Amino acid sequence: MRGCTRLALLCALPWLLPLVAPGRPAPPPALRRDPRNPARGAQFDRIYSGVVSLPTENIYSFNYTSQPGQYFLYKFPEDVDSVIIKVVSTLAYPCSVVSVQNIMCPVYDLDHNVEFNGVYQSMTKKAAITLQKKDFPGEQFFVVFVIKPEDYACGGSFFIQEKENQTWNLQRAKNLQVTIVPSSKGSVYVKAILLSFLIFFSFYLGCLFVAFIHFIRFRRKSTDGSFGSSDGSGNMSVSNPIAASTPEGSNYGAIDESSSSPGRQISSSDGRQPCQSDTDSSVEESDFDTMPDIESDKNIIRTKMFLYLSDLSRKDRRIVSKKYKIYFWNIITIAVFYALPVIQLVITYQTVVNVTGNQDICFYNFLCAHPLGVLSAFNNILSNLGHVLLGCLFLLIVLHRDILHRRALEAKDIFAMEYGIPKHFGLFYAMGIALMMEGVLSACYHVCPNYSNFQFDTSFMYMIAGLCMLKLYQTRHPDINASAYAAYASFALVITLTVLGVVFGKNDMWFWVIFSAIHILASLALSTQIYYMGRFKIADWGIFRRAAVVFYTDCIQQRSRPLYMDRMVLLIVGNLVNWSFALFGLIYRPRDFASYMLGIFICNLLLYLAFYIIMKLRSSEKILLIPLFCIVATAVVWAAALYFFFQNLSSWEGTPAESREKNRECILLDFFDDHDIWHFLSATALFFSFLVLLTLDDDLDLVRRDQIPVF
């Protein structure tokens, strides 16, 4: 285009004049059109001494110095709508800037003005910028390279040291290789979106298939009359299984019905109070805790050597169900108030990136960042779809089980009222919402990932890990689990500590000392509550001296065996793990405090789950086929997910230029990178993990509660 050539010539005039001066050598011969692919518009014709036309899908290598005078022109071919500029150098330093500017005069090619126009990135060894034809009216642009006078912006040393290469040396030079290739077409976007939906909708079909198989098996058992009322030991149940005669010693540790507290309301066919709806608004917890001897009754029951589920499921079922439903309603409120400001903030981040052109604000994998609309990395957002879809599916599965359980209660089914693990679904609903919100907030974080908003990606992971531990504990301790208010207040404290750790955890030793002390003391306090089933209370400060005396007398002098050996083993191992985390943080002070805190939660959850499964097998309980499949699938998928998680395609712990050194190409459909695969697999692994908790004790549905041990 002749007009554009004149404009470029005017812009290059200051550098053309020295070249025509006497005594200067003539420029090298011009390179011509690429003979291998002449239709791609691959022109190397040197328009003038300062500007070179870049080809498409060919590497242009050159040496660049800090002296201004060379930049490049690229024209979009007719069949290309978007391109990605890839710049590679073998040397990290000197620090440089890659800028893409519209065809206009002047061209900003100096260190102090290169950021005034267009899109730009700082660079050490790698840079990549994705551009769309619609953003350039003339369907062409300049690519400008500037070597900065110092390396601090790219992570280099700020101070000039003697006997080293001086950062202010005017002869700073760098070899660059520039490649411009077409970016993904619209058809690739469609395939990626369809694949994402198909993968996770296949889980819906799988669940429907399993439900259909169960329905067929249930109908066959009902028709054959083989659906018995076995109590788990081969005997047929009677109208009141708790009061039925059993062999001597079979109810060891269980509370006799005649001595049970009057507050317990048993729904059976012997004329006692019938089961009522869970939505009865007149039911309050005070209806149970009105006896003056209730505290002593709890102390007698919960401090027995052998506990059974009937001992810890004495409260009215309607009261406990309402208590656990608070988890569900509270997490919805938290999600709304947390997500709306987050969405507003990341939209602001993306707007700033689009307006200023500063691509150092966000830490993308620029070699696999596919824009869509105003979003710079749509693929990282799309890959979080699995959390939302699988969270919704888990809610549907829980709702189905909840409806079946309600129908059984309304029909006064003795197995629903007095057999198996008490069914309370409030925590499961909260887990499903937390999984969906993890997807939403992870997508928000990946709108513009950086140091300031990383906690958005981890906040609900803390809640998921905490809710899973609470659900595991609630399974065998339905009457003494933490209230929703205390649980969410604890999560809020954790998130507060995480924010403080992100701000102060880099170099401040005082923070790590305080945090490690809080961590160890919290582990000890929680261990004490778990060991004594919530019956440990601090009456006065002298209790610590008495506890030390008892420990010395019983454990050191007399070498007595702990009263609750299984619980003691779990708590000793758990405290060793948590103290190790505290010591590691105090010594190494990891910069990524949010991931460090998440590691503490995940390790405690895995430890408790392993303990639960081991104790279940020790108690001669079975693991059915579906929970066994979910356990294996969880382990396999988590292993694969962690492999992709640790690929480290970017990192906001360093400078943006250092982060781009870790960028890699797409690996799936030329659209998704390793971190997107982590999103897919982690969502799947969390879904299977939830199914493990939901189905792990299905083998106990026909076992009386006074025969289910507590651990």
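Here is what the cut-offs are and how they apply
- Residues numbered from 1 in each chain as written.
- Predicted model: local features only at pLDDT ≥ 70, side-chain atom pairs only at ≥ 80, totals over all residues.
- Heavy atoms only, no water.
- Phe/Tyr/Trp six-rings, centres within 6.5 Å; stacked < 30°, edge-to-face > 60°.
- Helix = DSSP H or I, 4+ residues; strand = E, 2+ residues; numbered from the N terminus.
- Buried < 20%, exposed > 50% of the residue type's maximum accessible area, 1.4 Å probe, protein only.
- Expected span 1.5 Å × (residues − 1).
- Disulfide = S-S within 2.5 Å.

Draft legend 1. Quick peek at the packing of aromatic side chains. Going through the model one piece at a time under the given rule, you end up with 54 aromatic pairs. Relative to Phe601, the ring of Tyr462 lies with its centre 5.7 Å away and its plane at 40 degrees, an arrangement referred to as tilted. Of this pair, Tyr462 sits in helix 10 (residues 455–476) while Phe601 sits in helix 15 (residues 593–618), and the two are 139 residues apart along the sequence. The exposure class assigned to Phe601 is buried, which follows from its relative accessible area of 12%. Here Tyr643 and Phe644 contribute two aromatic rings whose centre-to-centre distance is 5.2 Å and whose plane-to-plane angle is 80 degrees, an arrangement assigned as edge-to-face. For Tyr643, a relative accessible area of 53% gives the class exposed. An aromatic cluster of at least three residues, connected via ring pairs, comprises Tyr189, Phe200, Phe203, Phe378, Phe629, Phe671, Phe672, Phe680, Phe687 and Phe688.

Draft legend 2. Seen up close, helix 5 (residues 317–356). End to end, helix 5 covers 59 Å across 40 residues, agreeing with the expected 58 Å (1.5 Å per residue, within 8%). Immediately beyond the C-terminal end of helix 5, within one or two residues, lies Gly357, with a positive phi of roughly 75 degrees.

Draft legend 3. Spotlight on the state of the cysteines. By the definition in use, this model includes three disulfides. With a sulfur-sulfur separation of 1.9 Å, Cys95 is cross-linked through a disulfide to Cys154. Linking Cys95 and Cys154, the disulfide has an S-S dihedral of approximately 50 degrees and is accordingly described as right-handed. Placement of the pair is Cys95 in the loop between strand 5 (82–88) and strand 6 (96–102) and Cys154 in the loop between strand 9 (140–147) and strand 10 (173–182), with a sequence separation of 59 residues. With relative accessibility at 0%, the residue Cys95 sits in the buried group. Shown here is the disulfide that connects Cys362 with Cys448, its sulfur atoms set 1.8 Å apart. Disulfide Cys362-Cys448: torsion about the S-S bond near -95 degrees, hence left-handed. Here Cys362 is found in the loop between helix 5 and helix 6 (378–382), whereas its partner Cys448 is found in the loop between helix 9 (426–447) and helix 10, with 86 residues between them in sequence. The burial state of Cys362 is the same as that of Cys448; both residues are buried. Regarding the disulfides, the protein carries the connectivity 1-2, 3-5, 4-6 under sequence-order numbering of its bonded cysteines.

Bear in mind that shape data such as this cannot, by itself, settle questions of function.
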